[in-house]
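In case you want the letters, here they are:
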Amino acid sequence: MLTFMASDSEEEVCDERTSLMSAESPTPRSCQEGRPGPEDGESAAPWRGQDGEEDHEEDPDHYVCSGVPGRPPGLEEELTLKYGAKHVIMLFVPVTLCMIVVVATIKSVRFYTEKNGQLIYTPFTEDTPSVGQRLLNSVLNTLIMISVIVVMTIFLVLLYKYRCYKFIHGWLIMSSLMLLFLFSYIYLGEVLKTYNVAMDYPTLFLTVWNFGAVGMVCIHWKGPLVLQQAYLIMISALMALVFIKYLPEWSAWVILGAISVYDLVAVLCPKGPLRMLVETAQERNEPIFPALIYSSAMVWTVGMAKLDPSSQGALQLPYDPEMEEDSYDSFGEPSYPEVCEPPLPGYPGEELEEEEERGVKLGLGDFIFYSVLVGKAAATGSGDWNTTLACFVAILIGLCLTLLLLAVFKKALPALPISITFGLVFYFSTDNLVRPFMDTLAFHQLYI
Amino acid sequence: MTAAVFFGCAFIAFGPALALYIFTIATEPLRIIFLIIGAFFWLVSLLLSSLVWFLAGTITENKDGPVQKYLLMFGVLVSVFIQEVFRFGYYKILKAKRPSFPPLALRRRGYGFQTFSSLCSFIKASEGLKNISADETALSMRLLAYVSGLGFGIMSGVFSFVNTLSDSLGPGTVGIHGDSPQFFLVSAFMTLVIIMLHLFWGIVFFDGCEKKKWYALLLVLLTHLLVSTLTFINPHYGISLVSAYIIMVLMGIWAFFAAGGSCRSLKLCLLCQDKDFLLFSQRSR
């Protein structure tokens, strides 16, 4: 889901100036009364791996803030426009990195393309003789998966509504523990097996322990921004790899389609669980668990001595962008890209130092599903790189379009539907139409 | 085979494009976005042409023999047409959307593009461009022509060559059945020339559209058709590859002048004497 967000980070002034950033997202600024936009309905990216722990933390807080009162609206517009492209790139880079990790693993480590059973959420097998039966089984698998997701999301909303914060925090910590230790241990083991590298247990223990412990600290407490982002990308990739391995083929595609429909519905319908979660968080004026969101917020400090007629000059005042990152927990949220507008100080006659946070937030669930799509394309495309690349470009274009719509509509939007639709269309068309054409051309060394 | 061939061919084919990307596009988010949109347009054109080829194949009921070869040639020609149509479509969209496209500011700054497009001094140009891009908020149509041409070229080159490249890593012997042993090398050079040609075609095409010089569009289409049909005579690489490079050089010269370069600015740039010129245009080196 994409929303505009501006948050106040006054209480975190000290933290922001140091290199360690608090894992908590700053509380939203009080200028919320400006324009409480409809916030997201981000569909939760529910479902975690095999052991049934699911994080349905989603719904990053979306606060729509029209900026500091007194700022000329045209200036605001220009600022939004000027930084819109930067935010798109700030999302392109982590999404691309996650996909690269997933595709590289899929292409080199055999483990993730071998079939070794299925998740309990997809109980119906696809090893059936007839096509109709297979299709039916995959649809049933999808229904079960989606209903599990819906139930968990509603459970999360209820927990949040009745203020069971400790329960939610414990849940998040458990799931990120499992991800950071167990899944990365398995991943490391498989990579070592693939390259036939021997590693003794003490070294292995030390490596996994350090990796996991630093990850827990970065994600749930404080850590450098880049490290937090890197851990987020890694756990999204790990989760996507688990899905690629354990989801049967047709079920995976149907699930991808269904989850983007669910995302659309949950974000845009008034009674969607995600929307309710966000509205509750807005009423209480607190951030929704930032754990499941990738954030690349930048903090701008703008100082202004006094109002002068050329208050447009506020734009040219020196500012220090500081990177701040919200904490994010395990995966699970459907994406919320959020774009924050920087409010400009416009109060006449005062010395004003204001910190504003503007950044983009994308839920980890989006990372996961994008990577699942591209990874599945890489795994099943019969060694074809064209399909993978086509899906990659399609997803990036979908993300770009979604961000453009966000800039136009200025309300929470689901980030999955457009990208996943493009990705699916391009996967099937490239695999069936483009691949034979390009193969024949390459064989005869013809160039178009 | 093996890693040497893989890396060698990869850098031959994609080295210049990568350098252009790193020095001129990677620093500006807007340009990256337009590059990816250009790549997407090329991809859609490829999809359409594959569909046409596939339908033609099903209509002729997939008979074997020379029919397949003719079908392939037909597919290639149709694909070239569709690519140029999509290039025109991209131009129309950029022209229509530019005034209100959210990420773009509304100022036009075309002067930065002259040195920018000069081939021989692209490194110096990128330095100058870096200074411009610090405060540049607008994208001129010339810059968009460059970016879109590069986007088309990169996508075209990648799609043509990446499968061949991944095969070059694996075990195998080239030309064991009597084919040319220079398969990979020639493919790499051909990919390079295609990428650069797309770049120049983009610049010339957009310039022709802007100045309503329709013969430029026709010439772009004709040269594209020429280059593609010349590859039909592969593996007689001498003719196809050399003529493709000659066409590339000619298109490059045309693109240089179309983008606003001149012999004088080129000379000044090469002799590093363009400080006054830059100063006059209010840019720093």
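Because the structure is predicted, anything quoted here is derived from the model rather than measured.

### Remarks on the overall build of chain A
Piece 1. What chain A contains, in helices and strands, is 11 helices and 8 strands.
Piece 2. Here chain A holds 448 residues, and the buried ones make up 59% of them.
Piece 3. Taking contacts inside chain A between residues at least 6 apart in sequence as the whole, the part at least 24 apart equals 82%.

### Observations concerning the pattern of salt bridges
Piece 1. For the structure on display, the rule yields 8 salt bridges over all chains.
Piece 2. Here E126 of chain A ties to R134 of chain A by a salt bridge, and the two come within 3.2 Å at their closest N and O atoms.
Piece 3. According to the relative accessible area criterion, E126 of chain A is buried, its value standing at 7%.
Piece 4. For the salt bridge of K193 of chain A with E190 of chain A, the shortest nitrogen-to-oxygen distance reads 3.1 Å. On the criterion of helical spacing, the pair formed by K193 of chain A and E190 of chain A is a turn pair, its members being 3 residues apart in helix α4 (residues 165-194).
Piece 5. The class for E190 of chain A is buried, based on a relative accessible area of 12%.
Piece 6. Through salt bridges that share partners, D207, K211 and K213 of chain B make up one connected network.

### Description of the packing of helix α1 (residues 2-25) of chain B against helix α2 (residues 29-59) of chain B
Residue and element names in this part refer to chain B.
Piece 1. For the pair α1 and α2, interaxial distance at closest approach is 10 Å and the crossing angle is 145°. Here α1 contributes Y21, T24 and I25 to the contact with α2, which in turn contributes R31, I32 and L35.
Piece 2. A class-by-class count of the residues in the contact of α1 with α2 yields 4 nonpolar, 1 polar and 1 charged.

### Some points on a nonpolar patch on the surface
All names here are of chain A.
Piece 1. Nonpolar side chains collect at one region of the surface, where L182, Y185, I186 and Y201 lie side by side and expose about 420 Å² of accessible area between them.
Piece 2. In terms of residue count, the dominant contributor to the nonpolar patch is α4 (3 residues).
Piece 3. Tracing the sequence through the fold places L182 in helix α4.

### A word on the nonpolar core
Piece 1. Counting residues in hydrophobic clusters, the biggest one holds 156 residues, and the most contacted among them are Y370 of chain A together with F159 of chain B.
Piece 2. If you tally residues by element for this core, the top one is α2 of chain B, at 16 residues.
Piece 3. Judged by nonpolar contacts, the second largest core, of 13 residues, contains C9, F14, L165 and I195 of chain B.

### A closer look at the confidence of the model for chain A
Residues and elements named next belong to chain A.
Piece 1. Of the residues in chain A, 66% have a pLDDT of 70 or more, and the chain-wide mean is 73.
Piece 2. When pLDDT is averaged over each element of chain A, helix α5 (residues 201-220) comes out on top at 94 and strand β5 (residues 319-324) at the bottom at 33.
Piece 3. Within the model, pLDDT remains below 50 along residues 4-70, and this stretch shows 300 contacts once partners closer than five positions in the same chain are excluded.
Piece 4. Below pLDDT 50 for its whole length, residues 304-356 participates in 261 contacts with residues either more than four positions away or in separate chains.

### Focus on the UniProt feature "transmembrane region" (unreviewed entry) in chain A
Residue and element names in this part refer to chain A.
Piece 1. Here the UniProt feature "transmembrane region" (unreviewed entry) sits at residues 88-106, 139-160, 167-189, 201-219, 226-244, 250-269, 389-409 and 415-434.
Piece 2. Here residues 167-189 runs as 100% helix and 0% strand, with 32 Å between its end C-alpha atoms.
Piece 3. Taken as a whole, residues 415-434 contains 95% helix and 0% strand, while its terminal C-alpha atoms sit 27 Å from one another.

### Considering the UniProt feature "transmembrane region" (unreviewed entry) in chain B
All names here are of chain B.
Piece 1. Feature annotation in UniProt assigns "transmembrane region" (unreviewed entry) to the following positions: residues 29-58, 70-91, 141-162, 182-202, 214-233 and 239-259.
Piece 2. Span residues 70-91 is 100% helix and 0% strand, its end C-alpha atoms 32 Å apart.
Piece 3. Taken end to end, residues 141-162 has its terminal C-alpha atoms 31 Å apart, with 100% of it in helix and 0% in strand.

### Section: the interface of chain A and chain B
Piece 1. The interface of chain A with chain B comprises 36 residues on the first partner and 48 residues on the second.
Piece 2. Summed over both sides, the interface of chain A with chain B buries roughly 3800 Å², with 77% coming from carbon and sulfur.
Piece 3. Together, Q445, Y447 and I448 of chain A form the three largest contributors to the area buried by chain A at its contact with chain B, with a combined 24%.
Piece 4. On inspection of chain A and its partner chain B, the count reaches 0 salt bridges.

### Here we look at α2 of chain B
Piece 1. With 31 residues, α2 of chain B extends 45 Å from end C-alpha to end C-alpha; this agrees with the ideal 45 Å at 1.5 Å per step.
Piece 2. Of all 31 residues making up α2 of chain B, 23 are buried, and the element is well covered by its neighbours.

### Overview of the side chain of D431 of chain A
Residue and element names in this part refer to chain A.
Piece 1. Within the element layout of this structure, D431 appears in helix α11 (residues 416-443).
Piece 2. We classify D431 as buried; its relative accessible area is 12%.
Piece 3. Polar side-chain contacts of D431 include one of 3.1 Å to the side chain of R435.

### Re the packing of helix α10 (residues 385-409) of chain A against α11 of chain A
Residues and elements named next belong to chain A.
Piece 1. Interaxial distance between α10 and α11 falls to 8 Å at its minimum, and their mutual angle equals 150°. Between α10 and α11, the crossing angle belongs to the class labelled roughly antiparallel. Handedness of the α10/α11 crossing: right-handed. Contacts between α10 and α11 pair N386, T387, A390, C391, A394, I395, I397, G398, L399, L401, T402 and L405 from the former with I418, S419, F422, G423, F426, Y427, T430, D431, R435 and M438 from the latter.
Piece 2. Within the contact of α10 with α11, the residues separate by chemical class into 13 nonpolar, 7 polar and 2 charged.

### Structural notes on the confidence of the model for chain B
All names here are of chain B.
Piece 1. Averaged over every residue, the pLDDT of chain B is 82; the share at 70 or more is 80%.
Piece 2. Per-residue pLDDT stays below 50 along residues 99-136; that stretch engages in 79 contacts with residues further than four places along the chain or on separate chains.
Piece 3. Among the scores for the predicted complex, ipTM is 0.83 and pTM is 0.77.

### Regarding the packing of aromatic side chains
Piece 1. Counted under the stated rule, the structure contains 26 aromatic pairs over all chains.
Piece 2. Considering the side-chain rings of Y91 of chain B and F206 of chain B, the 5.2 Å spacing of their centres and the 75° angle between planes classify their relative orientation as edge-to-face. Note that Y91 of chain B is positioned in helix α3 (residues 66-97) and F206 of chain B in helix α7 (residues 183-210), a separation of 115 residues in sequence.
Piece 3. With relative accessibility at 1%, the residue F206 of chain B sits in the buried group.
Piece 4. By way of ring pairs, the aromatic residues F88, Y91, F205 and F206 of chain B are connected into one cluster.
Piece 5. In this structure, K245 of chain A is placed above the aromatic ring of Y246 of chain A, and the distance from its NZ or CZ to the ring centre is 5.5 Å.
Piece 6. The ring centre of F205 of chain B lies 6.0 Å from the NZ or CZ of R87 of chain B, which sits over that ring.

### A few points about the side chain of S175 of chain A
Residues and elements named next belong to chain A.
Piece 1. Within the secondary structure layout, S175 lies in helix α4.
Piece 2. Note on S175: relative accessible area 0%, which makes it buried.
Piece 3. Among the polar contacts listed, one links the side chain of S175 to the backbone oxygen of L172, at a separation of 2.9 Å.

### Things to note about unusual backbone geometry
Piece 1. Although it is not a glycine, Q445 of chain A sits at a positive phi angle of roughly 55°.
Piece 2. Along the chain, Q445 of chain A turns up in the segment after α11.
Piece 3. Of note in this structure, K212 of chain B is not a glycine but carries a positive phi near 60°.
Piece 4. Note on placement: K212 of chain B falls in the loop between α7 and α8 (214-230).
Piece 5. Residue class for K212 of chain B comes out exposed when judged on its relative accessible area of 55%.

### Observations concerning the environment of I368 of chain A
Residue and element names in this part refer to chain A.
Piece 1. Examined against the element boundaries, I368 turns out to sit in helix α9 (residues 364-380).
Piece 2. By relative accessible area, I368 is classed as buried at 3%.
Piece 3. Residues I368 and V191, 177 residues apart in the sequence, show an inter-C-alpha distance of 20 Å.

Rules used in this analysis
- Numbering of residues starts from 1 in each chain and follows the order in which that chain's sequence is written.
- Lettering of chains starts at A and numbering of ligands starts at 1, both following the order in which they are written.
- Reporting of local features is limited, given that this is a predicted model, to residues whose pLDDT is at least 70; pairs of side-chain atoms are given and counted only at 80 or more, and all residues count toward the totals for whole chains, interfaces and linings.
- Excluding hydrogens and water, the side-chain figures rest on all heavy atoms present in the structure.
- In this description a helix means any DSSP run of H or I spanning at least four residues, a strand means any run of E spanning at least two, and both kinds are numbered starting from the N terminus.
- Any residue under 20% of the maximum accessible area for its type is buried, any over 50% is exposed, and the rest in between are partly exposed; the area is computed with a 1.4 Å probe on protein chains only.
- The contact definition used throughout considers only heavy atoms, calling two residues in contact when any of these lie within 4.5 Å.
- Put simply, a salt bridge is a Lys or Arg side-chain nitrogen that is within 4 Å of an Asp or Glu carboxyl oxygen.
- Note on definitions: angles span 0 to 180 degrees between N-to-C directions of axes, and those axes are lines fitted to C-alpha atoms, for helices only across the stretch in contact.
- Residues are sorted three ways: Asp, Glu, Lys and Arg are charged, Ala, Val, Leu, Ile, Met, Phe, Trp, Tyr, Cys and Pro are nonpolar, and all the rest, Gly among them, are polar.
- Only residues above 30% relative accessible area that lack a salt bridge enter a patch, with like-charged residues linked at up to 9 Å and the nonpolar side chains Val, Leu, Ile, Met, Phe, Trp and Tyr linked at up to 5 Å.
- Note on areas: these come from Shrake-Rupley sampling with a 1.4 Å probe, and a residue is covered only by the protein chains present in the view.
- We define the nonpolar core as a collection of buried residues of types Ala, Val, Leu, Ile, Met, Phe, Trp, Tyr and Cys that are connected through side-chain atoms lying within 4.5 Å of one another.
- pLDDT: the predictor's confidence for each residue, scored from 0 to 100.
- UniProt positions are given in the numbering used here, feature names are shortened, and annotations may be inferred rather than shown by experiment.
- Values labelled buried area give the accessible surface lost by two parts on being combined, using a 1.4 Å probe and summing over both.
- Here the expected span of a helix is defined as 1.5 Å times the quantity of residues minus one.
- As used in this structure description, the phrase polar contact means that two N or O atoms lie within 3.5 Å; if the pair is within protein, one of them must be able to donate a hydrogen and the other to accept it, and residues adjacent in sequence are counted only when both atoms belong to side chains.
- Note on angle classes: values under 35 degrees are labelled roughly parallel, values over 145 roughly antiparallel, values of 65 to 115 roughly perpendicular, and the remainder oblique.
- The handedness criterion is simple: a crossing whose near helix is rotated anticlockwise from the far helix by less than a right angle is left-handed, and one whose near helix is rotated clockwise is right-handed.
- The rule is short: rings of Phe, Tyr and Trp, with Trp giving its six-membered ring, pair when the centres are within 6.5 Å, and they are stacked under 30 degrees, edge-to-face over 60, tilted in between.
- For a ring to carry a charge above it, either NZ of a lysine or CZ of an arginine must fall within 6 Å of the ring centroid while also lying within 35 degrees of the normal to the ring plane.

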